[in-house]
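As a plain string of letters, each chain reads:
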Amino acid sequence: MAIDFNGTTSKLQHDTASGFDVGTMTILVWAYADGLGEGGYARIVQFAEDATSPAPALLQFASVANRLSLYYDFTTTDGEWNFPATNGQWNAVAVSYNRGAVGNVPVARVNFAAATVTTGTAPVGTAVSPATGYCVGNISIANSTWDGALAHLQFFNVILTAAEMDMGLRRPGSVTRGRVLWLPMYHAGHTQDWSGSALNGTATALGTRDGPPCQPVVAGIFGW
């Protein structure tokens with residue numbers, strides 16, 4: 001199963017979660033876009049949770065179908081990079097980024113294959129550290145809602161290899177190197193962080209729907 005975001009008000013939020021102000025990062029998520037979402041900036045996830053703080057985000061940018069974007073704040077001009085992901089189906093999405101040099105471009109994989117990343121806006125200046133907090137499927141003021149399903153959102157403070165990205169999506173929980181956050185999101189009431197960081201979210205207007213075609217979580221993580 002997975003959490004369904006309604007495209008208008010849904011969100012899963014934590015205002016003080018930390019661990020996302022890092023020089024390198026990898027985001028893994030299973031994402032299903034029913035539509036373009038709200039406001040032209042439908043978030044999969046944003047760090048921090050609000051609209052004013054510097055906020056790295058994975059989103060469906062500018063109401064462009066069949067495309068996802070990574071956005072990162074810089075002191076002069078913010079960076080935006082785009083890669084294809086088909087609407088109306090489950091996509092296993094992985095993206096990594098090193099903010100340490102302005103010329104760095106994210107690496108993306110979609111459905112276990114390398115995705116072509118194009119630069120929408122090249123960053124200028126230096127990367128700005130995000131504030132604490134996260135919001136999944138929206139931002140805190142709820143005007144950028146994802147329209148569709150999300151599951152197994154994972155954040156790592158390292159650049160995962162392609163093999164690690166694929167394994168972390170095929171069998172969530174199997175990759176622990178640098179893991180900061182893991183939200184399985186099995187149903188509308190499942191807001192727990194299973195990373196060990198205890199960064200549990202607070203739910204607003206979430207639904208439940210069928211989940212992605214991944215394997216069960218790794219046995220033994222919680223003493224099963």
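Computed from a predicted structure; not experimentally measured.

According to the stated counting rule, one finds one cavity of 30 Å³ or more in the structure shown. Contributing to the lining of the largest cavity are Ala31, Ala33, Gln60, Leu68, Ala85, Thr86, Asn87, Asn91 and Trp146. Residues belonging to the lining of the largest cavity are distributed by class as follows: five nonpolar, four polar and no charged.

Cis geometry marks the peptide bond from Phe47 to Ala48; its omega dihedral reads 5°. Position of Ala48 among the secondary structure elements: in the loop between β4 (41-46) and β5 (57-61). In the Ramachandran plot, Ser63 falls in the positive-phi region, its phi being about 55° despite a non-glycine side chain. Tracing the sequence through the fold places Ser63 in the loop between β5 and β6 (67-72).

Let us look at the sheet that holds β4. The strand order across the open sheet formed by eight strands is β11-β7-β6-β5-β4-β12-β2-β15, and the pairing between neighbours is antiparallel. On the outer flanks of this sheet lie β11 (118-121) and β15 (202-204), each paired with one strand and no other. Adjacent strand axes in the sheet meet at a mean angle of 30°, parallel and antiparallel pairs treated alike. Here three bridges tie β5 to β6, and the two strands are oriented antiparallel to one another. Considered in β6, the bridge of Ala57 is made with Tyr71.

A few words now on the environment of Val117. Looking at the element boundaries, Val117 is found in the loop between β10 (114-115) and β11. Taking the C-alpha atoms as reference points, Val117 and Leu70, separated by 47 residues in sequence, lie 9.8 Å from one another.

As a further point, take the layout of surface pockets. Volume-wise, the largest pocket comes out at about 180 Å³. Looking at the largest pocket, it is lined by 14 residues, and the ones nearest its centre are Arg43, Gln46, Ala55, Tyr71 and Asp73. For the lining of the largest pocket, the elements supplying multiple residues, two or more each, are β4 and β5. Residues belonging to the lining of the largest pocket are distributed by class as follows: seven nonpolar, three polar and four charged.

With that settled, consider the packing of aromatic side chains. Applying the stated criterion across every chain, the model contains 13 aromatic pairs. Pairing Trp81 with Tyr97 gives two aromatic rings, centres 4.9 Å apart and planes at 45°, and the pair type is tilted. Of this pair, Trp81 sits in strand β7 (residues 79-84) while Tyr97 sits in strand β8 (residues 90-98), placing them 16 residues apart in sequence. On the accessibility criterion, Tyr97 (1% relative accessible area) is buried. Directly above the aromatic system of Phe112 lies the positively charged group of Arg170, at a separation of 3.8 Å from the ring centroid. Note that Arg209 overlies the ring of Tyr32, its terminal NZ or CZ placed 4.8 Å from the centroid.

Moving on, we come to the pattern of salt bridges. For the coordinates displayed, the defined rule picks out five salt bridges. Across the pair Asp4 and Arg209 runs a salt bridge whose closest N-O atoms are separated by 2.7 Å. One end of the pair, Asp4, is in strand β1 (residues 2-6); the other, Arg209, is in strand β16 (residues 207-209), with 205 residues separating them in the sequence. Asp4 sits in the partly exposed class, given a relative accessible area of 21%.

Our next topic: the side chain of Thr191. Mapped onto the fold, Thr191 is located in the loop between β14 (179-183) and β15. Its relative accessible area of 13% is what places Thr191 among the buried residues. When sequence neighbours within four positions are dropped, the list of residues in contact with Thr191 reads Leu12, Leu183, Asn200, Gly201 and Ala203.

The rules behind each value
Residues numbered from 1 in each chain as written. Predicted model: local features only at pLDDT ≥ 70, side-chain atom pairs only at ≥ 80, totals over all residues. Heavy atoms only, no water. 1 Å grid on protein atoms, 1.4 Å probe; cavity = no way out; pocket = protein on both sides within 12 Å on 5 of 7 lines; lining within 4 Å. Points joined across faces, edges and corners; volume = space filled by probe spheres on them. Nonpolar A, V, L, I, M, F, W, Y, C, P; charged D, E, K, R; others polar. Helix = DSSP H or I, 4+ residues; strand = E, 2+ residues; numbered from the N terminus. Pairing = 2+ DSSP bridges. Axes fitted to C-alpha atoms, helices over the stretch in contact; angles between N-to-C directions. Phe/Tyr/Trp six-rings, centres within 6.5 Å; stacked < 30°, edge-to-face > 60°. Buried < 20%, exposed > 50% of the residue type's maximum accessible area, 1.4 Å probe, protein only. Lys NZ or Arg CZ within 6 Å of the ring centre and 35° of its normal. Salt bridge = Lys/Arg side-chain N within 4 Å of Asp/Glu carboxyl O. Contact = heavy atoms within 4.5 Å.

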